[in-house]
Structures are given as C-alpha cells and as structure tokens.
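Take a look at the letters that make up each chain.
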Amino acid sequence: MDINKYIKAKKRLIDKALDRYLPSGNLKPQIIHKAMRYAVFPGGKRIRPIFTIASFEACGGKTNSILPVACAIELIHNYTLIHDDLPCMDNDEIRRGKLTCHKKFSESLALLAGDALLTLSFQLLSEAGNLDIIKEVSMAIGSRGTIGGQVVDIVKQKTELDYIASRKTGALFEAAVKAGGLFKGVDRKKIDNLANFGRLIGFTFQLIDDLIDKEGHVALYGAGYVEKRAALLTGKAETYLDIFGKKKAKRLLELSEAILKRQS
Ligand code: GRG
C-alpha cells in the first residue's frame, strides 16, 4: 500500500472512532455536542493521530487498540484550533473552509466546546490506562508546551519564532509520536528516539506551514533558507528511526517525507 492509501485508510479509521467517542448531537445538552462535532467533522488531515498509529506500528503494535490514544491527540488538536480562532485570540472567521465554531454557534459555546474536547481527550486517555501517556500529553499541552507557545505568540515576540513553533506545533507532534511507543511499552531508548523524531518532524511541519502561508519563518528568513532547514531537520529526524529498522519504521519515514513535500 502506498503512503497516500495508508493515510486515507488510517484517516477513515480515525474518523469512525471519533464518531463513536464523541457524544451524539441528540444527547442533552444537544447544542454543546453539536458544536463539538461541528469542530471535529469533517476535519482536516488527521496527521497527528496517523503519526501515533504509525509509531505504535513501528514498535510492533497492531492498529486498533491505539485508537483511543490517537483520537485523544486529535481531539486536543481540535480544541486548540477552536480556542485559537476565538475573538480574544486570532479572531478568525473561517477554519477548514467553513465558519469557525464561535461564528457558527457563539463565543461562549465555542469556548465550552473546546474545553469539552480537551476533557473528553483525557477521559479517552484514562480509559486507555497508561499513566505515562497522560503525563506526557499533559506536559506537552501545558504552559511549557502548546499554551506556552501560544502565550509567546500572543505577546508578539516575533524573534522567538523557534520557541513558538517548537511549543505550538512541535510539542503535540512529539507527544503524538511518543504515545505510540509508550502504549506499546517499548524501552526508554526507543521512547527517547521517538520523542526526538516527533519533535523535529513537528517543527518541520510548522516550517512547511510557514512556506505554504508565506508567513512566520519565511517572512523573517526567506523561503530558500526555510526549505533547506526543513530538509536538514527531516534528515536528522529520520536518523532517530534507525533503531527500529527500515521495515518497521517504513510508515514513519514515509510520513516524514510526505510532510516535507506537502503543498497544503
Ligand atoms: C491552547 C488556544 C491554544 C492554542 C495553543 C496549537 C495552538 C496553540 C494553536 C492552534 C493554531 C495553529 C495555527 C497552530 C500551529 C500549528 C498548525 C499548523 C496547526 C494546523 O494544523 P493542521 O494543518 O490542521 O494539521 P488540520 O486542519 O489539517 O487538522
């Protein structure tokens, strides 16, 4: 199966699982469940949970049991998007080609829908029963992780672009990849390698995002420099997969190449 087919198949699996985990829009109070579902579906690339699955597989795991963990990561990502779009943050009207959650519902409901997605993600993680993953994810998205990145972004310290990218984007990618190994229970060395790989790929993901949007690092350093840096970081990231062997790490390697080449 080529990587595009793999991505499509895993996305379908993740979407089905998300649909099972999210409360029905008919369940009281309907409006909050509708707002949560509105933000999550039809969804974006689902790239973070796909990394979680590929990492689990690289460690010898079989897909389905990791789904609650992978979906928790995606729910957290969706919470950050809802909150990031709010008038008190970026004040965006469009997300994934449709009205942002607060434009469709209201500011207070969007705030609560984000909170509820975050809360649901920890319910799923606790049901998966692995305290190391809960700790890892908590640290990644706290004030020294994504929230910290958002804070520095808000106070507009543009010279801190690397800090912002590594916290806003890198931290959740790192946790997503690490979670696959933690769930399979591989040794410390492999976990550390997954963490390094995830962190560098997350950072690269942001560099490519900047290239697509012609913002951030590209505005500051120019496209040529950013392209070179992204390629270098991807090469470095891939060295951390040697420990797993080419066959097992195949999907992680292909995903990292797909990120480097992505145009949208
Ligand atoms: C806690 C409010 C709050 C924010 C934390 C993660 C974050 C900081 C804000 C989200 C907004 C943002 C632009 C983050 C940068 C990372 C990024 C490129 C997000 C978009 O991710 P994709 O491309 O989105 O994976 P899809 O739509 O495909 O899921």
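Residues numbered from 1 in each chain as written. Predicted model: local features only at pLDDT ≥ 70, side-chain atom pairs only at ≥ 80, totals over all residues. Heavy atoms only, no water.

Chemist: How should a positive patch on the surface be read in this particular structure?
Modeler: Together, K5, K8, R12, K16 and R20 make up a region of like positive charge exposed at the surface. The topology assignment puts K8 in helix 1 (residues 3-21). Exposure remark for K8: the relative accessible area of 56% places this residue in the exposed category. (Patch = residues over 30% accessible without salt bridge, like charges linked within 9 Å, V, L, I, M, F, W, Y side chains within 5 Å. Areas by Shrake-Rupley, 256 points an atom, 1.4 Å probe, with all protein chains shown as cover. Salt bridge = Lys/Arg side-chain N within 4 Å of Asp/Glu carboxyl O. Lys, Arg positive; Asp, Glu negative; His and termini not counted. Charge placed at Lys NZ, Arg CZ, Asp CG, Glu CD. Helix = DSSP H or I, 4+ residues; strand = E, 2+ residues; numbered from the N terminus. Buried < 20%, exposed > 50% of the residue type's maximum accessible area, 1.4 Å probe, protein only.)

Chemist: What is the right way to read the environment of K45 from this model?
Modeler: Here K45 lies in the loop between helix 2 (30-40) and helix 3 (47-58). Note: C-alpha distance between K45 and I7 (38 residues apart in sequence) is 8.9 Å.

Chemist: Where do I start with the pattern of salt bridges in this structure?
Modeler: Across all of its chains, the model carries 17 salt bridges by this definition. Between R96 and E74 there is a salt bridge, with the nearest N and O atoms lying 3.8 Å from each other. With R96 in the loop between strand 1 (94-95) and strand 2 (98-99) and E74 in helix 4 (residues 67-85), this residue pair connects regions lying 22 residues apart in the sequence. Notably, a salt bridge pairs D192 with R188, separated by 3.6 Å at the nearest N-O pair. Here D192 pairs with R188, and both are found in helix 10 (residues 188-213), just four residues apart, close to one helical turn. Look at R188 and you get exposed, because its relative accessible area is 51%. Via salt bridges that share partners, K11, D15, R46, E74 and R96 belong to a single interconnected network.

Chemist: Just checking my understanding: could you explain the site of the ligand for this structure?
Modeler: In the vicinity of the ligand, 18 residues are found, and the nearest of them are K45, R48, H77, D84 and R96. One nitrogen or oxygen atom from the side chain of K45 is found 2.6 Å from an oxygen atom belonging to the ligand. When the free accessible area of the ligand is taken as 720 Å², the share hidden by the protein chains comes to 89%. Mapped by element, the contributors of at least two residues to the shell around the ligand are helix 4, helix 8 (146-154), helix 9 (161-184) and helix 10. (Near = heavy atom within 4 Å. Polar contact = N/O pair within 3.5 Å; in protein donor to acceptor, adjacent residues only side chain to side chain.)

Chemist: Which parts of the structure should I look at to understand the packing of aromatic side chains?
Modeler: How two aromatic rings sit relative to each other is given by the distance of their centres and the angle of their planes. Enumeration over the complete set of coordinates arrives at six aromatic pairs. Ring centres of F51 and F173 lie 5.9 Å apart, and the angle between their planes is 70°; on these two criteria the pair is classed as edge-to-face. Highlighted residues: F51 in helix 3 and F173 in helix 9, separated in sequence by 122 residues. Note on accessibility: F51 and F173 belong to one class, buried. Measuring from ring centre to ring centre gives 6.2 Å for F51 and F197, while their planes differ by 55°; the resulting arrangement is tilted. In this pair, F51 is assigned in helix 3 and F197 in helix 10, connecting sequence segments 146 residues apart. For F51, a relative accessible area of 0% puts it in the buried group. The ring of Y21 carries the charged tip of R20 above its face, separated from the ring centre by 5.8 Å. (Phe/Tyr/Trp six-rings, centres within 6.5 Å; stacked < 30°, edge-to-face > 60°. Lys NZ or Arg CZ within 6 Å of the ring centre and 35° of its normal.)

Chemist: Could you clarify how one ought to interpret the packing of helix 4 against helix 6 (residues 107-128) in this entry?
Modeler: A pair of packed helices is captured by two measures, namely the crossing angle of their axes and the spacing between those axes. It is the contact of helix 4 with helix 6, at a shortest axis distance of 8 Å, that shows an interaxial angle of 165°. Overall, the two elements helix 4 and helix 6 adopt an arrangement that is roughly antiparallel. Viewed along their axes, helix 4 and helix 6 form a crossing whose handedness is left-handed. Across the interface between the two elements, P68, V69, C71, A72, L75, I76, N78, Y79, I82 and H83 from helix 4 touch A110, L111, A113, G114, D115, L117, L118, L120, S121, L124, L125 and A128 from helix 6. Residue composition of the contact of helix 4 with helix 6, grouped by class: 17 nonpolar, four polar and one charged. (Axes fitted to C-alpha atoms, helices over the stretch in contact; angles between N-to-C directions. Parallel < 35°, antiparallel > 145°, perpendicular 65-115°, else oblique. Left-handed = near helix turned anticlockwise from the far one by under 90°. Contact = heavy atoms within 4.5 Å. Nonpolar A, V, L, I, M, F, W, Y, C, P; charged D, E, K, R; others polar.)

Chemist: Looking at this structure, I do not really get the side chain of S256. What am I missing?
Modeler: Tracing the sequence through the fold places S256 in helix 13 (residues 246-261). On the accessibility criterion, S256 (0% relative accessible area) is buried.

Chemist: Just to check I follow, could you spell out the state of the cysteines for this structure?
Modeler: Two cysteines form a disulfide when their sulfur atoms are joined by a covalent bond. One pass over the full model with this rule turns up zero disulfides. With no disulfide of its own, C71 has C59 as its nearest cysteine by sulfur position, at a separation of 19 Å. Take C71: its relative accessible area is 0%, and that puts it in the buried class. We note that C88 lacks a disulfide partner, and the nearest cysteine sulfur, in C101, lies 13 Å from it. Since its relative accessible area comes to 57%, C88 is described here as exposed. (Disulfide = S-S within 2.5 Å.)

Chemist: Can you help me understand the nonpolar core in this one?
Modeler: Considering soluble globular proteins, one finds that nonpolar side chains tend to be buried as a cluster. With 77 residues, the main nonpolar core has F51, L75, L117, V137, F197, L252 and L255 as its most contacted residues. Ignoring anything within four residues of it in the chain, the contact list for L117 reads L22, M36, V40, L75, N78, Y79 and I82. (Core = buried A, V, L, I, M, F, W, Y, C linked by side-chain atoms within 4.5 Å.)

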